[in-house]
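Examining the three-dimensional arrangement
The lines below spell out each chain.
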Amino acid sequence: MIRARNLYIGGTLCLIVIAAALISFVWTPYDFTAMDIPNKLKTPTMAHWFGTDHFGRDIFSMIMVGARTSLAVAFVAVGIGMGLGVPLGLWAAANKGGWTDEVIMRGNDLIFAFPSLVIAILITAVMGASAVNAIIAIGIFNIPVFARLTRSGALSLWEREFILAARVAGKSKPRISVEHILPNVANLLIVQGTIQFSLGILAEAGLSYVGLGAQPPTPSWGRMLADAQTMVSFAPHLALVPGLAIVIAVLGLNLMGDGLRDLLDPKIRVARS
């Protein structure tokens, strides 16, 4: 029951964030770029549910648009990590001990040596700060995560009887990897995907906080926190609102990932039965 509750609560929180992001494409209470200096730094009211910032912009509208920025960056970055990391992990596991396996794993170690923030700084120095470069930086860091996980899960399967039967039947390693290995590690990848998604939101917020993510006038939760840091003492809502938005999104994804892990793990299902 507790695990199912985690899944339901996490899913509900994620749906709230996703709904806010999708609705922002067609409606926001105010134009998120419209400045209203006479009404700047207003505390939450019926007119402005979350108050206004130092330019008089409606914070609720900015939170809604910032949700789609964070989700888009995290989703594409995780897609890059999965799209490249999973095939590399399958390839490495199919050639365990060979030069291919060694090259892929040492390449993963090289990427792990540089955190996503350092990679983003390097990319920004060449291409300039933008959400696209943040996606590239976070996506590159996700590749070895999924490659290692896929390889680890696949290695334990290559000695199983059904894999040996497939090899006796004349199936090639790539075909076995796609038809037999990948479906059996899919549950691991789904759970890890939710975790990396939450980490992607945090990474996007961190990069935007230091000015390497989405650029103005596009709202970003991390940039909203950066703008609020000098005004916390007299306008705490400027930091509390985007901070809570990040907490809700990350907590929802982590709870959902925890629930999915228990739902998809066959060992836990057997123990319950």
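Conventions adopted
- Residues numbered from 1 in each chain as written.
- Predicted model: local features only at pLDDT ≥ 70, side-chain atom pairs only at ≥ 80, totals over all residues.
- Heavy atoms only, no water.
- Salt bridge = Lys/Arg side-chain N within 4 Å of Asp/Glu carboxyl O.
- Helix = DSSP H or I, 4+ residues; strand = E, 2+ residues; numbered from the N terminus.
- Buried < 20%, exposed > 50% of the residue type's maximum accessible area, 1.4 Å probe, protein only.
- Core = buried A, V, L, I, M, F, W, Y, C linked by side-chain atoms within 4.5 Å.
- Axes fitted to C-alpha atoms, helices over the stretch in contact; angles between N-to-C directions.
- Left-handed = near helix turned anticlockwise from the far one by under 90°.
- Nonpolar A, V, L, I, M, F, W, Y, C, P; charged D, E, K, R; others polar.
- Parallel < 35°, antiparallel > 145°, perpendicular 65-115°, else oblique.
- Contact = heavy atoms within 4.5 Å.
- Phe/Tyr/Trp six-rings, centres within 6.5 Å; stacked < 30°, edge-to-face > 60°.
- pLDDT = per-residue confidence, 0-100.

1. Regarding the pattern of salt bridges
As enumerated under the stated definition, the model contains eight salt bridges in all. Between Asp109 and Arg148 there is a salt bridge, with its nearest N and O atoms 2.1 Å apart. Residue Asp109 is located in helix H3 (residues 99-112), and its partner Arg148 is located in helix H5 (residues 131-155); the two are separated by 39 residues in the primary sequence. According to the relative accessible area criterion, Asp109 is partly exposed, its value standing at 31%.

2. What to know about the nonpolar core
Counting 42 residues, the largest nonpolar core has Ile63, Trp158, Ile181, Phe197, Ile201 and Trp221 as the members making the most contacts within it. At the level of elements, helix H1 (2-23), helix H2 (59-94), H5, helix H6 (161-168), helix H7 (173-209), helix H8 (221-228) and helix H9 (237-264) are the ones that each hand at least two residues to this core. Broken down by element, this core gets its largest block of residues, twelve residues, from H2. The next biggest cluster of nonpolar side chains, apart from the first, holds twelve residues, and it includes Ile119, Ala134, Ala137 and Ile138.

3. What to know about the packing of H2 against H5
H5 packs onto H2 with a crossing angle of 35 degrees between their chain directions and a minimal axis gap of 6 Å. When you trace H2 past H5, the crossing you get is right-handed. Across the contact of H2 with H5, the residue classes break down as 20 nonpolar, six polar and one charged.

4. Some words on the packing of H7 against H9
A pair of packed helices is captured by two measures, namely the crossing angle of their axes and the spacing between those axes. Closest axis-to-axis distance for the H7/H9 pair is 8 Å, and the angle between their directions is 170 degrees. Classified by the angle their axes make, H7 and H9 are roughly antiparallel. When H7 is examined against H9, the residues Asn187, Ile190, Val191, Thr194, Phe197, Ser198, Ile201, Leu202 and Ala205 are found in contact with a partner set consisting of Ile246, Ala249, Val250, Leu253, Asn254, Met256, Gly257, Leu260, Arg261 and Leu264. Its residues assigned to classes, the contact of H7 with H9 shows 13 nonpolar, five polar and one charged.

5. Observations regarding the packing of aromatic side chains
In this description, an aromatic ring pair is defined by two values, namely the gap between the centres and the angle between the planes. Under the definition given, this model contains four aromatic pairs. Where Trp49 meets Phe60, the ring centres are 5.2 Å apart and the plane angle is 35 degrees; that geometry is what we call tilted. One end of the pair, Trp49, is in the loop between H1 and H2; the other, Phe60, is in helix H2, with eleven residues separating them in the sequence. Since its relative accessible area comes to 17%, Phe60 is described here as buried.

6. A short note on the environment of Leu117
Mapped onto the secondary structure, Leu117 falls in helix H4 (residues 116-127). Relative accessible area serves as the criterion here: at 38%, Leu117 is assigned to the partly exposed category. Sequence separation between Leu117 and Val210 is 93 residues; the distance between their C-alpha atoms is 9.5 Å.

7. Concerning the environment of Val232
Along the chain, the position of Val232 falls in the loop between H8 and H9. As for Val232 and Val168, which are separated by 64 residues in sequence, their C-alpha atoms are 67 Å apart.

8. Section: the confidence of the model for the protein chain
The predicted model of the protein chain averages 89 in pLDDT, with 95% of residues at 70 or higher. Confidence, expressed as mean pLDDT per element, reaches its minimum in the protein chain at helix H10 (residues 266-272) with 54 and its maximum at H2 with 95.

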